[in-house]
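What the coordinates show
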Amino acid sequence: AMTAAAAVGDHSRALDLLARMNSYGIKANVKTMTALVSACISSGKADLAVDIFQRLPNPDAHAVEKGLIALSLAGRGDDALEMLLDKGTIAEKIRGKSLNKIYEALFRDSIAANDYSLARRVMKTLIAKGNIPSKAVLQKIFQNMSLTLKEGLVSNVSYSDSGFVTRQTQNELDNEKFQFLLFLVDEIKDRNLPCEASLYATTLQFGNHLGGLPRKMAALLVSAKSASDVRVKDNMKLIDESSSCEDECIVSGWEDLFLTFDEVRNQIDGPLSLPKLEVRIA
């Protein structure tokens, strides 16, 4: 019954069931309390979910998963990250689909709050645990940023307590989004992995949509990708020598280029002076 209440997001019903259990002298176990946490999460009662989770004496892996999601929803993403990195704990040992759900929640809630500093820490923690963001995780990130290709990359309109945000504020948010996309490109590049086609295409389209410096960056990404393309000849992969610029790159990465463009623009001398960019094309 508690699980059913959680499924429909009825935390009041779940709390009532708990009270009835107590009145009958039935002690709630970890499964029951985890269902109660889930009901609070589904109802948007994040603080209550966290409070209940923290009262659990010996939570199992499923309870910890729900607790971490509750912390994220309550705006306590850093606390969740700290738990995930705590060596030897249940949280640190979570893997597979459960771990993906936790990171999806952390990305969702940090991006919803326009807290891209936290979103960066989430990504760095994900990679520190030996994981590379999958296509599914990247797609979730794009959806949370309102940047899915099928919807068209039209900036979502933000609101404040007083109504619409100013155009200047929206421009700052859009630039922060674009900078975060470049950060993702760099994080993958720094691990000598090709950039996923979806990330490459989304970055290009959003940069073109924004205009100005983001559009220039999109053009440079295309130039670097073209220089790094793998050419196939006689069933052998031959990589263009210009795909590597380890000694001649003017910056450490694409985000660095975006932030220092005015200072280094005159030093850009073809693809060799740009950060390496290989794209995984399906």
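The structure we're discussing is the one just above.
Since the structure is predicted, the reported quantities are computational estimates derived from the model, not experimental observations. (Residues numbered from 1 in each chain as written. Predicted model: local features only at pLDDT ≥ 70, side-chain atom pairs only at ≥ 80, totals over all residues. Heavy atoms only, no water.)

Okay, the packing of aromatic side chains next. Each aromatic ring pair is summarised here by two numbers: the centre-to-centre distance and the angle between the ring planes. Within this structure, the stated rule accounts for 3 aromatic pairs. With a centroid separation of 5.7 Å and 25° between ring planes, the pair formed by Phe 180 and Phe 183 is classed as stacked. With a gap of 3 residues between them, Phe 180 and Phe 183 both fall in helix H10 (residues 167-189), about one helical turn apart. Take Phe 180 and Phe 183: they sit in the same class, and that class is buried. These aromatic residues form a ring-pair network of at least three members: Tyr 116, Phe 180 and Phe 183. The ring of Phe 183 has Arg 120 lying over it, and the distance from NZ or CZ to the ring centre is 4.8 Å. (Phe/Tyr/Trp six-rings, centres within 6.5 Å; stacked < 30°, edge-to-face > 60°. Helix = DSSP H or I, 4+ residues; strand = E, 2+ residues; numbered from the N terminus. Buried < 20%, exposed > 50% of the residue type's maximum accessible area, 1.4 Å probe, protein only. Lys NZ or Arg CZ within 6 Å of the ring centre and 35° of its normal.)

Leu 68, Ile 141, Leu 184, Trp 254, Leu 257 and Leu 277 are the most contacted members of the largest nonpolar core, which totals 78 residues. The greatest single-element share of this core, amounting to 8 residues, is contributed by H10. In contact with Leu 68, not counting residues within four places along its chain, are Ala 80, Met 83, Leu 84, Ala 91, Ile 94 and Ile 102. (Core = buried A, V, L, I, M, F, W, Y, C linked by side-chain atoms within 4.5 Å. Contact = heavy atoms within 4.5 Å.)

Every α-helix carries 3.6 residues per turn, so stepping three or four residues along brings you back to the same face. Turning to helix H4 (residues 46-54), its buried residues number three or more, namely Ala 46, Ala 49, Val 50, Ile 52 and Phe 53. One side of H4 carries all its buried residues, which in axial view fall inside an arc of 165°. Buried residues along H4 sit in contact with helix H3 (30-42), helix H5 (61-73) and helix H6 (77-84). (Arc of directions from axis to C-beta.)

Here we come to the packing of helix H7 (residues 96-112) against helix H8 (residues 116-128). For any two helices packed against each other, the geometry is given by the interaxial angle and the distance between the axes. Running from N to C, H7 and H8 point in directions that differ by 165°, and their axes come no closer than 8 Å. Between H7 and H8, the angle is such that the two are roughly antiparallel. Crossing of H7 over H8 shows left-handed handedness. Residues Tyr 103, Leu 106, Phe 107, Ser 110 and Ile 111 of H7 lie in contact with H8, whose contacting residues are Tyr 116, Leu 118, Ala 119, Val 122, Met 123, Thr 125 and Leu 126. Within the contact of H7 with H8, the residues separate by chemical class into 10 nonpolar, 2 polar and no charged. (Axes fitted to C-alpha atoms, helices over the stretch in contact; angles between N-to-C directions. Parallel < 35°, antiparallel > 145°, perpendicular 65-115°, else oblique. Left-handed = near helix turned anticlockwise from the far one by under 90°. Nonpolar A, V, L, I, M, F, W, Y, C, P; charged D, E, K, R; others polar.)

Let us now look at the environment of Glu 104. In this fold, Glu 104 is placed in helix H7. In this view, Glu 104 contacts Lys 140 and Asn 144; residues no more than four positions away in its chain are not counted.

This brings us to the pattern of salt bridges. Evaluated as defined, the whole model comprises 12 salt bridges. Residue Arg 13 pairs with Asp 16 through a salt bridge whose shortest N-O separation is 3.6 Å. Linking Arg 13 with Asp 16, this pair stays in helix H2 (residues 11-23), spanning 3 residues, or about one helical turn. A residue is classified by how much of its surface remains accessible, and Arg 13, at 40% relative accessible area, is partly exposed. (Salt bridge = Lys/Arg side-chain N within 4 Å of Asp/Glu carboxyl O.)

Bear in mind that shape data such as this cannot, by itself, settle questions of function.
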